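Each chain, written out:
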Amino acid sequence: MSHSTVFVSLRDENGLDCSYARVHKGDSSVLIVLRGTECGVFDNSLAHWHYLLLKHYPCDAHALRDFYKLIGKMCAKSPQSKYFGPHKDEDNRMVVTTGGSEHMLQPEERSTYEARYQAFKVFVTAQRERF
């Protein structure tokens, strides 16, 4: 396993209306941002600012629990993975159901999640320098 360094900032402490974590692995790092029922994993470099993974949750409790799991998963990822190494050109958006199962966002679900996605995108873009 490779060495990972993690910095976590929780919503109740940072005044940003979100929780976020930076996971560093070698020369690369990812940023995990949780705001309400959306959680995204981003390349932490300023040159690339598109989500590598974006998940839509049914409630805040599911989202927070998975935020912590994602931090651990990123620590376990290889430095050559699609998160820390070369990125794949894919739209990696997922929907988590109330039962906890998850699936890739289907074309017929896009309109259901579009407003949530846009609000999250605007927020992350506006706060980018503060992470």
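That block above? That's the structure.
Keep in mind that what you see is a predicted model, and the values were worked out from it rather than measured. (Residues numbered from 1 in each chain as written. Predicted model: local features only at pLDDT ≥ 70, side-chain atom pairs only at ≥ 80, totals over all residues. Heavy atoms only, no water.)

Caption draft 1: Just the nonpolar core, in detail. Of all hydrophobic cores here, the largest spans 20 residues; its most connected members are Val 23, Val 30, Ile 32, Val 41, Met 74 and Tyr 83. Looking at this core, the element that brings in the most residues is helix α2 (residues 60-76), giving 6 residues. Here Met 74 is in contact with Val 23, Lys 25, Val 30, Ile 32, Val 41, Tyr 83 and Phe 84, once residues within four sequence places are set aside. Formed by 13 residues, the second largest nonpolar core is a distinct cluster that contains Leu 16, Cys 18, Phe 42 and Tyr 117. (Core = buried A, V, L, I, M, F, W, Y, C linked by side-chain atoms within 4.5 Å. Buried < 20%, exposed > 50% of the residue type's maximum accessible area, 1.4 Å probe, protein only. Helix = DSSP H or I, 4+ residues; strand = E, 2+ residues; numbered from the N terminus. Contact = heavy atoms within 4.5 Å.)

Caption draft 2: Region of interest: the pattern of salt bridges. Counted under the stated rule, the structure contains 7 salt bridges. Among the ionic pairs, Asp 17 bridges to Arg 35, the shortest N-O distance being 3.0 Å. Of this pair, Asp 17 sits in the loop between α1 (11-14) and β2 (19-25) while Arg 35 sits in strand β3 (residues 28-35), and the two are 18 residues apart along the sequence. In this structure Arg 35 comes out as partly exposed when scored by relative accessible area, which is 28%. A salt bridge links Arg 116 to Glu 38; the nearest nitrogen and oxygen atoms lie 2.7 Å apart. With Arg 116 in helix α3 (residues 110-127) and Glu 38 in strand β4 (residues 38-43), this residue pair connects regions lying 78 residues apart in the sequence. The exposure class of Arg 116 is partly exposed, given its relative accessible area of 27%. Judged by its relative accessible area of 5%, Glu 38 is buried. Overlapping salt bridges bring together Lys 55, Asp 66 and Glu 102 as one network. (Salt bridge = Lys/Arg side-chain N within 4 Å of Asp/Glu carboxyl O.)

Caption draft 3: Representation of the packing of aromatic side chains. Considering all chains together, one arrives at 5 aromatic pairs under this definition. It is Lys 25 that lies over the ring of Phe 84; its NZ or CZ is 5.4 Å from the centre. (Phe/Tyr/Trp six-rings, centres within 6.5 Å; stacked < 30°, edge-to-face > 60°. Lys NZ or Arg CZ within 6 Å of the ring centre and 35° of its normal.)

Caption draft 4: Representation of the sheet that holds strand β6 (residues 93-96) within the structure. Overall, mixed pairing links the 7 strands, which are arranged β1-β2-β3-β4-β5-β6-β7 in an open sheet. Looking at strand neighbours, the two that pair on one side only are β1 (5-9) and β7 (102-104), the edges of this open sheet. Each neighbouring strand pair of the sheet contributes to a mean axis angle of 15°, computed without reference to strand direction. (Pairing = 2+ DSSP bridges. Axes fitted to C-alpha atoms, helices over the stretch in contact; angles between N-to-C directions.)

Caption draft 5: The side chain of Glu 109, seen in detail. If you trace the backbone, Glu 109 turns up in the loop between β7 and α3. There is no salt bridge for the buried Glu 109, and the closest opposite charge comes from Arg 110, which lies 8.7 Å off by N-O distance. Beyond its immediate chain neighbours, meaning those up to four positions away, Glu 109 contacts Val 95, His 103 and Met 104. (Lys, Arg positive; Asp, Glu negative; His and termini not counted.)

Caption draft 6: How the structure looks around the environment of Asp 60. Checked against the element boundaries, Asp 60 lands in helix α2. Measuring from C-alpha to C-alpha, the distance between Asp 60 and Glu 38 comes to 8.5 Å, with 22 residues separating the pair along the chain. Once residues lying within four places of it in the same chain are set aside, the contact partners of Asp 60 are Gly 36 and Thr 37.

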